[in-house]
Amino acid sequence: MQTINNINFNQERALIRVDFNVPLDKQFNITDDTRIRAAIPTIQKILNDGGSVVLMSHLGRPLKKLKEDGSIDYEKFSLKHIVNHLSNLLNTPVQFATDCIGEQTLQTAQSLQAGEVLLLENTRFHKAEEKGESEFAEQLSKLGTIFVNDAFGTAHRAHASTTIVANYFDREHKCFGLLMAAELENADKVLKNAEKPLTAILGGAKVSDKILIIENLLNMANNIIIGGGMAYTFFKAQGGQIGSSLVEEDKLELALGILEKAKQKGVQIILPEDSIIADKFDNDAQTQIANNFNIPEEWMGLDIGADAIATFSEVIQKSKTILWNGPMGVFEMERFQNGTKAIALAIVEATKNGAFSLVGGGDSVAAVNKFNLANDVSFVSTGGGAMLEYFEGKTLPGVAALL
Ligand code: AMP
């Protein structure tokens, strides 16, 4: 893997695909700058080498979320809103190009001096971006002498700025940024060279979102713990009464198929014995504990119960490699966060005792952040969809384009 550490950027102009797709409030203040901070080490290394930097990113979905009159909301989706914050983080002025392509942008890029930084306007203002059009990608490619991809979060998209642009650089002039390299190295600690036992903990709302990841994990994991809303489809499939808990009726056969396949492959699938059940989907609901084969009608499981926590925690403590994707319950509500928190703490404990733990996928990342435990696991992926696809065993186009 060619990373920025293998290259001296002195006198080079790095075209870096970053993921600056950050949330903004109505006044265009950044409400969470994690993604910007994550890209700083890569930018800094290139500037320290004596190079200059051209940054490109998307922000939101400007061509899908049009204004009421059908026009593009250039103000709302402009990357100009992050210029000041980026300048502060880098401790250097950041220039801004109001279009990511065009003669003027090319001239500004070409006249950058060592140590200077240029941020391009949102690549998704052009429909050619998401279509992955070559001509547009070629124009972007002219803005740098070396292409660096540090946007793991969009590596599963074959867009112009994430993938196609790389075709215009030879192997010596394209590489992974530090964030992207760290994501891949850590994911591979689970996927390719896991110390066993390997335990995957899957949760969240839907089995259908996790089928491909389960199928792939059946080839490598020793244990697959299944919690959250998706667990109830497995209980119903086995003849359980699950009340009004979340279920995907059209996935019952599939759930049985997964259990059967796991048996054949010697993988232990561990489902929660009990749940905290509620009489409505509400933090103020009445609650009780129930066995997952016997949830009364009208009641729904919204968190795993104490027995499940104990069983899951024991398996986690004995694991040497742990992957966690998806919460164990409706952790957004105070009353139903306990299971997710307990599992997070079990993972932290196992990590302290030497296990490697990776947390990835939107909601489990939100959960470790909520419980302030992000620094106590081995690695928290910024990947979201890209991370899921990587764990499904898919080749990410943004990664393949750099090889
Ligand atoms: P996902 O995006 O598929 O990982 O699902 C995450 C969502 O699943 C979170 O918003 C949780 O609140 C929700 N969730 C987890 N457990 C349950 C459950 N038992 N019933 C309903 N929703 C759940």
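In this text, all values refer to a predicted model and were calculated from it rather than measured experimentally. (Residues numbered from 1 in each chain as written. Predicted model: local features only at pLDDT ≥ 70, side-chain atom pairs only at ≥ 80, totals over all residues. Heavy atoms only, no water.)

Draft legend 1. The packing of aromatic side chains, seen in detail. The final tally for this structure, using the stated rule, is three aromatic pairs. Pairing Tyr74 with Phe125 gives two aromatic rings, centres 4.7 Å apart and planes at 65 degrees, and the pair type is edge-to-face. Of this pair, Tyr74 sits in the loop between strand 2 (52-56) and helix 2 (83-90) while Phe125 is found in the loop between strand 4 (117-120) and helix 4 (127-131), placing the two residues 51 residues apart along the sequence. According to the relative accessible area criterion, Phe125 is buried, its value standing at 12%. Between Phe147 and Phe169, the ring centres sit 5.9 Å apart and the planes meet at 25 degrees, which makes this aromatic pair stacked. (Phe/Tyr/Trp six-rings, centres within 6.5 Å; stacked < 30°, edge-to-face > 60°. Helix = DSSP H or I, 4+ residues; strand = E, 2+ residues; numbered from the N terminus. Buried < 20%, exposed > 50% of the residue type's maximum accessible area, 1.4 Å probe, protein only.)

Draft legend 2. Summary view of the nonpolar core. Counting 77 residues, the largest nonpolar core has Ile214, Ile224, Ile226 and Phe391 as the members making the most contacts within it. Among the elements that take part in this core, helix 6 (residues 178-191) stands out by supplying six residues, more than any other. (Core = buried A, V, L, I, M, F, W, Y, C linked by side-chain atoms within 4.5 Å.)

Draft legend 3. Examining the domain arrangement of the chain more closely. Partitioning the chain into domains gives domain 1 (4-180) and domain 2 (194-391). If you average the C-alpha positions of domain 1 and of domain 2, the two centres end up 36 Å apart. Across the interface of domain 1 and domain 2, roughly 540 Å² is buried in total on both sides, 69% from carbon and sulfur atoms. Sorting the residues of domain 1 by area buried against domain 2 places Phe152, His156 and Leu179 first, and these three jointly supply 73% of that buried surface. Our count for the contact surface shared by domain 1 and domain 2 stands at zero salt bridges. Scanning the region where domain 1 abuts domain 2 turns up zero residue pairs in polar contact (both at pLDDT 80 or more). (Domains from an automatic or database assignment. Buried area = accessible area lost by both parts, 1.4 Å probe. Salt bridge = Lys/Arg side-chain N within 4 Å of Asp/Glu carboxyl O. Polar contact = N/O pair within 3.5 Å; in protein donor to acceptor, adjacent residues only side chain to side chain.)

Draft legend 4. Inspection of a positive patch on the surface at higher detail. Taken together, the side chains of Lys26, Arg61, Lys65, Lys76 and Arg157 define a basic patch exposed on the protein surface. With respect to the helices and strands, Lys26 occurs in the loop between strand 1 (13-17) and helix 1 (34-49). With a relative accessible area of 76%, Lys26 lands in the exposed category. (Patch = residues over 30% accessible without salt bridge, like charges linked within 9 Å, V, L, I, M, F, W, Y side chains within 5 Å. Areas by Shrake-Rupley, 256 points an atom, 1.4 Å probe, with all protein chains shown as cover. Lys, Arg positive; Asp, Glu negative; His and termini not counted. Charge placed at Lys NZ, Arg CZ, Asp CG, Glu CD.)

Draft legend 5. Quick peek at empty space enclosed by the protein. Summed over all chains, the structure comprises one cavity of 30 Å³ or more. Of the volumes computed, that of the largest cavity is approximately 60 Å³. Lining the largest cavity we find Asp19, Arg35, Ala38, Ala39, Asp150, Ala151, Phe152, Gly153, Leu179 and Thr382. With three residues, helix 1 is the largest single contributor of residues to the lining of the largest cavity. A class-by-class count of the residues in the lining of the largest cavity yields five nonpolar, two polar and three charged. (1 Å grid on protein atoms, 1.4 Å probe; cavity = no way out; pocket = protein on both sides within 12 Å on 5 of 7 lines; lining within 4 Å. Points joined across faces, edges and corners; volume = space filled by probe spheres on them. Nonpolar A, V, L, I, M, F, W, Y, C, P; charged D, E, K, R; others polar.)

Draft legend 6. Representation of the layout of surface pockets within the structure. Taken as a whole, the largest pocket encloses approximately 560 Å³ of empty space. Lining the largest pocket are 22 residues, and of these Thr34, Val365, Asn369, Ser381 and Thr382 sit closest to its centre. Of all the secondary-structure elements, those providing two or more residues to the lining of the largest pocket are helix 1, helix 6, helix 12 (362-370) and strand 17 (379-380). The residue makeup of the lining of the largest pocket, split by class, is eight nonpolar, eleven polar and three charged. Two domains share the lining of the largest pocket, each providing at least three of its residues, namely domain 1 (4-180) and domain 2 (194-391).

Draft legend 7. Broad picture of the environment of Gln139. Here Gln139 is to be found in helix 5 (residues 134-141). Residue classification places Gln139 among the partly exposed residues on the basis of a relative accessible area of 33%. Residues Gln139 and Gly102, 37 residues apart in the sequence, show an inter-C-alpha distance of 7.7 Å. Beyond its immediate sequence surroundings of up to four residues, Gln139 is in contact with Ile101 and Gly102. (Contact = heavy atoms within 4.5 Å.)

Draft legend 8. Structural view of the pairing of strand 14 (residues 300-304). Across the five residues of strand 14, five count as buried, placing the element largely inside the fold. The pairing of strand 11 (residues 274-278) with strand 14 spans four bridges and is classified as antiparallel. When the bridges of strand 14 are listed, Ser275 appears paired with Ile304. (Pairing = 2+ DSSP bridges.)

Draft legend 9. Spotlight on the sheet that holds strand 11. Pairing is antiparallel in the open sheet, where three strands are placed in the order 12-11-14. Every other strand in the sheet has two partners, leaving strand 12 (287-291) and strand 14 as the edge strands with one partner each. Averaged over all adjacent pairs, the angle separating strand axes in this sheet is 45 degrees, with direction ignored. Bridge analysis of strand 11 against strand 12 gives five bridges, and the strand direction is antiparallel. Across the sheet, the residue bridging to Ser275 is Ala290, located in strand 12. The sheet contacts of helix 10 (residues 306-317) involve strand 11 and strand 14, and relative to strand 14 the element is tilted by about 40 degrees. (Axes fitted to C-alpha atoms, helices over the stretch in contact; angles between N-to-C directions.)

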